[in-house]
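Inside the fold
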Amino acid sequence: MKKNKKIVSFTSTEEKVSSSYVIEDCFCGVGPWMHRDSLLPYEAEDMLKLMNHFGIRKALIHSNFALDGGYDVMGNEHILEACDKYKRRFIPAFVVRPNPHKGDMQLSDYFALMHKHGIKAVWLAPKGQALWVWLYKDIVAACCKKKIPIFIHRDDITPDSLYNLCDTFPDARIVLAGVSYGEDWWLYPLLRQFKEIRVCTGHFYIPSYNPMRFLEHFPATRLIFGSGLPFFSPGGMIAHVTYADISEKEKELIFYKNMENLLEEAQP
Amino acid sequence: MNRPLIEYGKNGITLDFPVIDVHAHIGHFGTLLSPSLSCQVKEMDRVGIKSAIISHVGSIFGDIRRGNDSVAEAALEFKGRFYCYCHVSAQYPENIEGELERCFKNKVFVGIKVYQVGTNFDDPVYDPVWEFAVKRNIPVLAHTWGGNLTGFDKVAQRFKSIPFLAGHSGSGFAYKQYADVAKKVKNLYLDLTYSREHTNMIEYFVREVGAEKIVWGSDAPTFSMSHQIGKILFARIPDKDKIKILYTNTSRLFGIS
């Protein structure tokens, strides 16, 4: 079998954005992970080249390694390094876990580190969809207090577990990523009930007649552009918004202002 | 076309060359309410999609005849915007030949659609479909998934004179399986209709099998057409290859100009 040639090689890491839209990506992973397919890029520089190609100004980045089950301290360190190297393009998000053992990161340690580095977003990665309120309540309560947005992937929740979490913490600023095109049947009722849940477009919240239909039910402030890099290429999702029959103001909100507003309000 | 195709996608500019969507539907999927036909045509206008070849969601779910009638009505209402697949199913073998004969009396039908419903495509029950397609020189589109073509590649090798389009190529990130089959079977084409746009996958397909063997479909109204076309407009492949994928190949295979 032929080895995959490395494809991402023809653009530079220098900022070069030719879109008439400002785009910021809230759903972008960086760094290696266990189950990587050899077709997929992972280095920070690869992400930057792709961002340049697609016209993405900035990305809120999380650790692929930590979200895939690797030790979050190592993953978060990698993210800090990448953000330190490319300050103008990357914004860090930490993976935070309720660790059971003495000597491991505790909630206060995470938040001290986040305060030190100005980290304004967290990802939760409950394995086996174990987003149990009794287990995550301290983390979520702290995030509520500090208005820190909580990112979570659809695969890591059940609609019921998310409902329980939001029912306990209605002020939690949840950004739900990885929602599928066919999930409005439970998503819409949940969004109606909890005003602080936002939906990330990535990777495949692409029902036909969206985002128009979504905006018939909810304000544009609740839809946030995210690509799902490096697993997924952002082109389709960008066109999904640029071609949408919605106002320019709504496109701006979706493409970058919603994420900027969320991060601006966070107080790590 | 007066600028690189990526610029159309970046700025939401209506495409100014013909695009044919080789894999679309009408009708509702369970709880996923589809937009009206006029709304769907409006989206086609906004993006710049000239025509879509459609089958009916109801046919996929078993109400075959009514679905085929509905797509014909849509094509009649929006002339030149919709062409039709006649959907047939191995679960209703007694209706296959009659439904094919009935549909193809109407010129809006230009292809046959089959779905993975439990019977492999190389099962003899499907033979009347392939024989009809060969006799009338009609392309066949199949729903395939995750690199498992359930015999579609085998019948393509048996019936070499007609194009076989493997729907959802790359699904399940099974890009190698699809590319290997397309390289091996001359008359098997990759249809890129798929919700997930894995990084580097389209570039891989073009490099491995060539743009001549790739067609584009949206799967609307399951997915948004704009999302699906965006993955081609932004792909890191030459614009001439994008045009082959979006128009030239389908135009040639289906005789739609």
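Residues numbered from 1 in each chain as written. Chains lettered and ligands numbered in written order. Predicted model: local features only at pLDDT ≥ 70, side-chain atom pairs only at ≥ 80, totals over all residues.

Along chain B, the regular secondary structure elements total 11 helices and 8 strands. For 257 residues, the compact-globule formula gives about 18 Å, and the C-alpha radius of gyration of chain B, at 17 Å, lands near that figure. When the backbone C-alpha atoms are referred to their principal axes, chain B occupies close to 50 × 40 × 35 Å. For chain B, the residues scored as buried account for 55% of the 257 residues in total. (Helix = DSSP H or I, 4+ residues; strand = E, 2+ residues; numbered from the N terminus. Rg over C-alpha atoms; globule rule 2.2 N^0.38 Å. Buried ≥ 20, exposed ≤ 12 C-beta atoms within 10 Å, placed from the backbone.)

Assigned secondary structure in chain A consists of 10 helices and 9 strands. Expected size for 268 residues packed as a compact globule is a radius of gyration near 18 Å; at 18 Å, chain A falls within 12% of this value. Counting only C-alpha atoms and orienting by the principal axes, one finds that chain A spans roughly 45 × 45 × 40 Å. Looking at chain A as a whole, 52% of its 268 residues qualify as buried.

Turning our eyes to something else, we now look at the sheet that holds strand E2 (residues 58-63) of chain A. Residue and element names in this part refer to chain A. The strand order E1-E2-E3 describes an open sheet built from 3 strands, whose pairing is parallel. Every interior strand has two partners, whereas the edge strands, strand E1 (24-30) and strand E3 (90-92), have only one. In this sheet, neighbouring strand axes are inclined to one another by 35 degrees on average, regardless of whether the strands run parallel or antiparallel. Where helix H10 (residues 248-265) meets the sheet, its contacts fall on E1, E2 and E3, and the angle it forms with E1 comes to roughly 75 degrees. (Pairing = 2+ DSSP bridges. Axes fitted to C-alpha atoms, helices over the stretch in contact; angles between N-to-C directions. Contact = placed C-beta atoms within 7 Å.)

Between chain A and chain B, the residue contacts involve 37 residues of the former and 38 residues of the latter. At the level of elements, helix H1 (44-54), helix H7 (184-193) and helix H9 (235-242) of chain A are the ones that each hand at least two residues to the side of chain A that touches chain B. Of the residues forming the side of chain A that touches chain B, the biggest block, 7 residues, is contributed by H9 of chain A. Looking at the side of chain A that touches chain B residue by residue, the class counts come to 20 nonpolar, 14 polar and 3 charged. (Nonpolar A, V, L, I, M, F, W, Y, C, P; charged D, E, K, R; others polar.)

To continue, consider the pairing of strand E6 (residues 164-167) of chain B. Residues and elements named next belong to chain B. Residue alternation in E6 divides its side chains into two sets, Phe164 and Ala166 and Leu165 and Gly167, and both sets are buried. In the sheet, strand E5 (residues 140-143) pairs with E6 via 4 bridges, with the strands oriented parallel. If you follow Val140 over to E6, its bridge partner there is Phe164. Traced from E5 through helix H7 (residues 152-158) to E6, the parallel crossover comes out right-handed. Note that E6 and strand E7 (residues 188-191) share 3 bridges and pair parallel. The residue bridging Phe164 from the neighbouring strand is Leu188, located in E7. Note on the crossover from E6 through helix H8 (residues 175-184) to E7: the handedness is right-handed. (Right-handed = clockwise from strand over helix to strand, strands pointing away.)

Relative to the assigned elements, Asp156 of chain A resides in the loop between strand E6 (150-153) and helix H6 (159-168). In sequence terms Asp156 of chain A and Gly178 of chain A are 22 residues apart; their C-alpha atoms lie 9.5 Å from each other.

Attention shifts here to the sheet that holds strand E9 (residues 223-224) of chain A. Residue and element names in this part refer to chain A. One open sheet holds the 6 strands; their spatial order is E4-E5-E6-E7-E8-E9, and the pairing between them is parallel. A single partner strand is all that each edge strand has here, and the edge strands are strand E4 (94-95) and E9. Both strand E7 (residues 174-177) and strand E8 (residues 197-200) contribute to a ladder of 3 bridges, which runs parallel. Residue pairing across strands places Leu176 opposite Val199, the latter belonging to E8.

This next bit is on the packing of H9 of chain A against helix H10 (residues 225-233) of chain B. How two helices pack is summed up by the angle between their axes together with the distance between the axes. Following both chains from N to C, one finds H9 of chain A and H10 of chain B inclined at 130 degrees, their axes separated by 6 Å at the closest point. Relative to H10 of chain B, H9 of chain A is oriented oblique. Judged by the sense of rotation from one axis to the other, the crossing of H9 of chain A with H10 of chain B is right-handed. Contacts between H9 of chain A and H10 of chain B involve Gly235, Gly236, Met237, Ile238, Ala239 and His240 of chain A from the first element and Ser226, His227, Gln228, Ile229, Gly230, Lys231 and Leu233 of chain B from the second. Here the contact of H9 of chain A with H10 of chain B is built from residues that sort into 5 nonpolar, 7 polar and 1 charged. (Parallel < 35°, antiparallel > 145°, perpendicular 65-115°, else oblique. Left-handed = near helix turned anticlockwise from the far one by under 90°.)

Residues and elements named next belong to chain B. For helix H4 (residues 64-77), built from 14 residues, the straight-helix expectation of 20 Å at 1.5 Å per residue is met to within 8% by its first-to-last C-alpha distance of 20 Å. All of the buried residues along H4 are Ile64, Gly67, Asn68, Ser70, Val71, Ala72, Ala74 and Ala75. On its buried face, H4 sits against strand E1 (20-26), helix H2 (37-47), strand E2 (51-56), helix H3 (57-60), strand E3 (82-87) and helix H5 (93-103). (Expected span 1.5 Å × (residues − 1).)

By size, the foremost hydrophobic cluster in this structure holds 170 residues, and its most contacted members are Ile61 and Val122 of chain A together with Cys84 of chain B. Per-element tally for this core: the top contributor is H10 of chain A, with 7 residues. Beyond its immediate stretch of four places on either side in the chain, Cys84 of chain B contacts Ile53, Ile54, Val71, Ala72, Ala75, Val108, Phe109 and Val110 of chain B. (Core = buried A, V, L, I, M, F, W, Y, C linked by C-beta atoms within 7 Å.)

For the rest of this paragraph, the subject is the packing of H8 of chain B against helix H9 (residues 201-209) of chain B. Residue and element names in this part refer to chain B. Relative orientation of the contacting elements H8 and H9 amounts to 25 degrees, with a least axis distance of 10 Å. Judged by the inter-axis angle, H8 sits roughly parallel to H9. Where H8 crosses over H9, the two elements pack in a sense that is right-handed. Each of Tyr175, Ala179, Ala182 and Lys183 in H8 lies in contact with H9, whose residues at this interface are Met201, Tyr204, Phe205, Glu208 and Val209. Its residues placed into classes, the contact of H8 with H9 shows 7 nonpolar, no polar and 2 charged.

Residues and elements named next belong to chain B. Along the chain, Tyr83 turns up in strand E3. Considering only alpha carbons, one finds Tyr83 and Asn120, 37 residues apart in sequence, at a separation of 27 Å. Leave out the neighbours within four places in its chain, and Tyr83 touches Ser51, Ile53, Ala75, Val108, Val110 and Ile256.

This next bit is on unusual backbone geometry. Following Asn210 of chain A, the chain continues to Pro211 of chain A via a peptide bond in cis, the omega torsion being 0 degrees. Positionally, Pro211 of chain A belongs in the loop between E8 and helix H8 (212-217). Cis geometry is adopted by the peptide bond preceding Pro221 of chain B, which originates at Ala220 of chain B and carries an omega value of 5 degrees. When you line up the elements, Pro221 of chain B lands in the loop between strand E8 (214-215) and H10.

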